[in-house]
Amino acid sequence: MDNAFSNIRLLLVEDDPSLGSILKEYLELKGFTIHLVEDGHKGWEAFQSFHFDLLILDVMLPKKDGFTLAVDIREVNSEIPIIFLTAKSMPEDRIKGLQTGADDYLTKPFSMEELLLRIQAVLRRIRSPTPLGETFRLGQTRFDPNTQELSNEENSQKLTTKESELLKLLCLHQNEVVTREKALQSIWGEDDY
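Cut-offs used in this document
- Residues numbered from 1 in each chain as written.
- Predicted model: local features only at pLDDT ≥ 70, side-chain atom pairs only at ≥ 80, totals over all residues.
- Heavy atoms only, no water.
- Helix = DSSP H or I, 4+ residues; strand = E, 2+ residues; numbered from the N terminus.
- Buried < 20%, exposed > 50% of the residue type's maximum accessible area, 1.4 Å probe, protein only.
- Contact = heavy atoms within 4.5 Å.
- Areas by Shrake-Rupley, 256 points an atom, 1.4 Å probe, with all protein chains shown as cover.
- Salt bridge = Lys/Arg side-chain N within 4 Å of Asp/Glu carboxyl O.
- Pairing = 2+ DSSP bridges.
- Right-handed = clockwise from strand over helix to strand, strands pointing away.
- Axes fitted to C-alpha atoms, helices over the stretch in contact; angles between N-to-C directions.

## Here we look at the overall build of the protein
When helices and strands are counted, the protein shows seven helices and nine strands. Looking at the protein as a whole, 42% of its 193 residues are labelled buried. A separation of at least 24 residues holds for 55% of the contacts in the protein among residues at least 6 apart in sequence. About 10,600 Å² of surface is accessible on the protein, with carbon and sulfur atoms providing 51% of the total.

Here it is in C-alpha cells:
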C-alpha cells in the first residue's frame, strides 16, 4: 500500500453483510480505516458524526438509497469524494449516479483490486489539484487545466474533462514514459477509454 494512502478514513455504506465485511477487511489490510454501516440513515448519521476522506455508497440501500444519501451529503459537503457501488448497470443509472455528485461508479460484481485502484485514483485527483492560475506551456500553446483550455495567439480549444486530465498527467510527467495503465488508473481507475 502506498504510504500516501495509509490512515485514510473511509465510510462504507453497504447493506449486504457478507460483501460489507469482505470489503472492510480487504481495505483495512491495505491501510485504510473503515467505518461500515448497513443503511442510508446510519450512513447519514456517521457522515455527520465523523470525519471521512472518501465515501463508498451502495446505491440500493434500505431506509435511504445511495443516490438520496449522496444528494444530502453534497448539500453539506460538495468536495468529499464519493464512489458508488451498485448492481445497476444501465447507462441511465450510471449517469444519475454521476449527476448526484459521484466521483466514480463501480458495477457489481467487481474485483477488490479494481475498487482499490479507483479509490487511489480519486484520492490522487483530490490531493494533487493544480493550483489556481497554474498553466503549462507546450511549445507555442498554453494549457490551463483549471479551465480545460488549450490556447495560442490565434486559437482557443476547450477540452473534455478526460482530455484535460490526461494532458495534465502528461504535463506533470514531462520527459517520462507514462504507461497506458498508469494513465487510465490516474484518470479513472479503469480500462474503458
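## A look at the pattern of salt bridges
Applying the stated criterion across every chain yields a total of nine salt bridges. A salt bridge links aspartate 58 to lysine 108, with the shortest nitrogen-to-oxygen separation between them at 3.4 Å. Note that aspartate 58 is positioned in strand E3 (residues 54–58) and lysine 108 in the loop between strand E5 (104–107) and helix H5 (112–127), a separation of 50 residues in sequence. A relative accessible area of 2% places aspartate 58 in the buried class. One salt bridge connects arginine 118 with aspartate 104, and the closest N-O pair in it is separated by 2.7 Å. Separated by 14 residues along the polypeptide, arginine 118 in helix H5 and aspartate 104 in strand E5 bring together distant segments of the chain. Neither arginine 118 nor aspartate 104 differs from the other in exposure class; each is buried.

## Overview of the environment of leucine 170
Along the chain, leucine 170 turns up in helix H6 (residues 161–172). A C-alpha to C-alpha distance of 8.5 Å links leucine 170 and alanine 183, two positions 13 residues apart in sequence.

## Here we look at the pairing of strand E2 (residues 33–37)
Strand direction decides the pairing type here: strand E1 (residues 9–13) and E2, joined by five bridges, are parallel. In the strand pairing of E2, valine 13 is matched with valine 37. In this region the chain leaves E1, passes through helix H1 (residues 17–29) and returns to the parallel neighbour E2; the handedness of that crossover is right-handed.

## A few points about the sheet that holds E1
Judged by pairing direction, the sheet is parallel, and its five strands sit side by side in the order E2-E1-E3-E4-E5 without closing on themselves. In this open sheet, the two edge strands, each paired with only one partner strand, are E2 and E5. Mean inter-strand twist for the sheet, computed between neighbouring axes without regard to direction, equals 20 degrees. In this sheet, E3 lies alongside E1 in parallel orientation, the contact comprising four bridges. The partner of leucine 12 across the bridge, within E3, is isoleucine 56. Strands in contact with H1 are E1, E2, E3 and strand E4 (82–86); relative to E2, the strand with the most contacts, it is inclined by about 170 degrees.

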